[in-house]
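# An overview of the molecular structure
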Amino acid sequence: MKIRKKTHPSRRAFIAASAGLAVTTTLPVGRVRAAETRDMGIREYDLAAAPGSTRLAGQSNPKTAVWAYNGQVPGTEIRVRQGDRIRVSVDNQLDEETTVHWHGLRVPNVMDGVPHLTQKPIAPGKSFTYEFGVPDAGTYWYHPHQRGFEQVARGLYGPLIVEEKEPIRVDRDLTWVLDDWRLKPDAQISGDFGSFHDMSHSGRVGNFMTINGREPKKFAVRSGERIRLRLINAANARIFALNFAGHRPTIIAYDGQPVTPHEAPQGQVVLGPAMRADIVIDMTNRPGESFKITDTFYRGMGYTVVDLAYGAVPLRDRPLESSIALSANTMPEPDITGAERHNVQFGGGMMGGMMRGMMGGRRVSMRDMMRNGKAWTINGVAATGHVMDPLLKLLRGRTYVLTLNNDTAWHHPIHLHGHSFRVISRNGKPTRHREWQDTVLMAPRERAEIAFVADNPGDWMFHCHVFEHQAGGMMGVIRVS
Ligand code: C2O
Ligand code: CU
C-alpha cells in the first residue's frame, strides 16, 4: 500500500505495492505472551529492547531493520485483568539508554519511566524492573520515554490491555496498533530522525501504514459477528480519521476509559498520536460482501487502510443485542464548582506568528530557540530536557480545571502522565460525553478545558505526543504534592 507524503514532497519514498498476494488472513493480533506466572496475583513479563528485523512491508519487500521489544513489532501484548499487579523486567540491548513508560496507566510516579525525572535511564546492557498495580480496565500501551522520536519510530512500542472484571459480550476482542513509518524504497526506515523541518511543522509523518506491524491486507469477518476493536495510535505524528464504509462503529471507550456508548461522530474515529479508542462493530452486511476502511484525516490524502471482507458463512442471523456499556473505572470525580483554575498556553511552530520564549531560564528570540533546535513552548517555556521547574504545583486531592489554549497553527495531542482527566469543554462549548482521556487532541487555535482530581503525587510530564514537538520543547512538568 502507498501513502503519499504530507510533508517533504521532494522525498519520494514510496514502497512498491506488493501485488498478487492472494492470502486471506485475519490480522495478527500480537498475543504472544512472554514468560508469565500468576503467583499471588503478580503477572510477570520480560521485555528485551533490541535491534531486530521484521517483515513490515509484505513478502515482495525485504525485511525492515527495526528496534523491537522481544523481537516483534508491536512488542509482546501485556494482557492482564483489572486489579492485577504487573512486574516487567526490561532488558536494554540497545546501544543507547532507554526507559519504558506505561501510557495512560495511573502508576506510582517512580514507575512512570521518565528519564532523570522519575528514574535513571536504563543504560545499554542493563535492566530495570517495573512493578505496579492496575486499578483500571482499558486499552493502554507502552513505549520508551527516551528519545521517543527515534526509539518509537524504529518500532519500540507494545499494547497493554487490562480486561474488565466483567467483560462485555463480543465474538472477537481485537487489538489494532496503528503506525506509520517513513520507509525508503528498499523498505528500510529513513534515518532522518528529529529533523528541524519535522519538528517545527507536523512532526514525522510517515509514508507506510501498518496494523500490528504488518502491511494490512484483508480483514476477514462474518455476518452477524460483533467485534470489539481496540485501536491504538502508535505513530509519531500521524493523526488517523478512520471511516468504516457500510458499518456504524460505536465508541465505548476513549484512551481506555469507558464512555457512554455512542456512534462515532460523522461516522469517523479520530485518533491523534498516543490516543486509543475501543469500538464495537456489528457486521450487519451479507456474506461475500466487502467494504473499505479508509483514513481521510489529511485533506486530499485519503487512502484505504484495509478491506473488510465477509466470509461465505454467516455467524448468526442478527447481531447480538446485549449491552456494550463498560462499567466505570476508579478515577475520583472532579468537583468542578470547587475547582482551582489555571491557563496553559501552547505556542510556537511555523506560521504561528513571531514569538519569544524562555529556554534554560533565559528569555530568547524564536530565532535563538530554533538555533538550539527548539520550536515550541508551554506557557512561554521551551523544555530542554525532562527535568525542569514545574509549570504548575497542584495540591494532592484537589480538583483542577486547566484551560488549554492552542496558540499555534498545528494539531497537538496533549498528554498528562499519572492521571486521566475529563474533557469538559471545547471552544467554550460543553462536551457531550465529558469523556475521560489522558491525551486530548487540540486543533489549531482550539481551546479545551480539562478537569481532574490531582490524586497521584509526584512530578508528571505534560507534553505534546507528537514526539518531534515534544523534543522541540512542548513539554512541561506538573507537580502534585
Ligand atoms: Cu505516551 Cu509522555 O507519553
Ligand atoms: Cu504538538
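Everything below is about the structure shown above.
Calculation criteria
Residues numbered from 1 in each chain as written. Chains lettered and ligands numbered in written order. Predicted model: local features only at pLDDT ≥ 70, side-chain atom pairs only at ≥ 80, totals over all residues. Heavy atoms only, no water. Helix = DSSP H or I, 4+ residues; strand = E, 2+ residues; numbered from the N terminus. Rg over C-alpha atoms; globule rule 2.2 N^0.38 Å. Buried < 20%, exposed > 50% of the residue type's maximum accessible area, 1.4 Å probe, protein only. Contact = heavy atoms within 4.5 Å. Lys, Arg positive; Asp, Glu negative; His and termini not counted. Charge placed at Lys NZ, Arg CZ, Asp CG, Glu CD. Donors = N, O, S within 2.8 Å, 3.2 Å for Na, K, Ca; no water. Polar contact = N/O pair within 3.5 Å; in protein donor to acceptor, adjacent residues only side chain to side chain.

The number of helices and strands found in the chain is 4 helices and 35 strands. Against the globule reference of 23 Å for 481 residues, the chain gives a C-alpha radius of gyration of 21 Å, in line with a compact fold. If one aligns the C-alpha atoms of the chain with their principal axes, the spans along those axes are about 65 × 50 × 45 Å. Out of the 481 residues belonging to the chain, those deemed buried represent 59%. At a minimum sequence separation of 6, the contacts of the chain that also span at least 24 residues come to 77%. Seen as two clouds, the 60 positive and the 48 negative side-chain charges of the chain have centres 5 Å apart.

Looking at the copper ion (ligand 2), the protein donor atoms are H412 (ND1), C464 (SG) and H469 (ND1), and they sit 2.0 Å from it. Each donor residue of the copper ion (ligand 2) lies on one chain, and together they are spaced H-x51-C-x4-H. Of this pair, H412 sits in strand β28 (residues 412-416) while C464 is found in strand β34 (residues 458-464), placing the two residues 52 residues apart along the sequence. Exposure class is identical for H412 and C464. Each is buried.

So, about the environment of R426. Take R426: it is sitting in strand β29 (residues 421-426). C-alpha separation for the pair R426 and L404, spaced 22 residues apart in sequence, amounts to 9.4 Å. When sequence neighbours within four positions are dropped, the list of residues in contact with R426 reads T431, V440, L441, E446, R447 and A448. A polar contact is formed between the side chain of R426 and the backbone oxygen of L441, at a distance of 3.0 Å.

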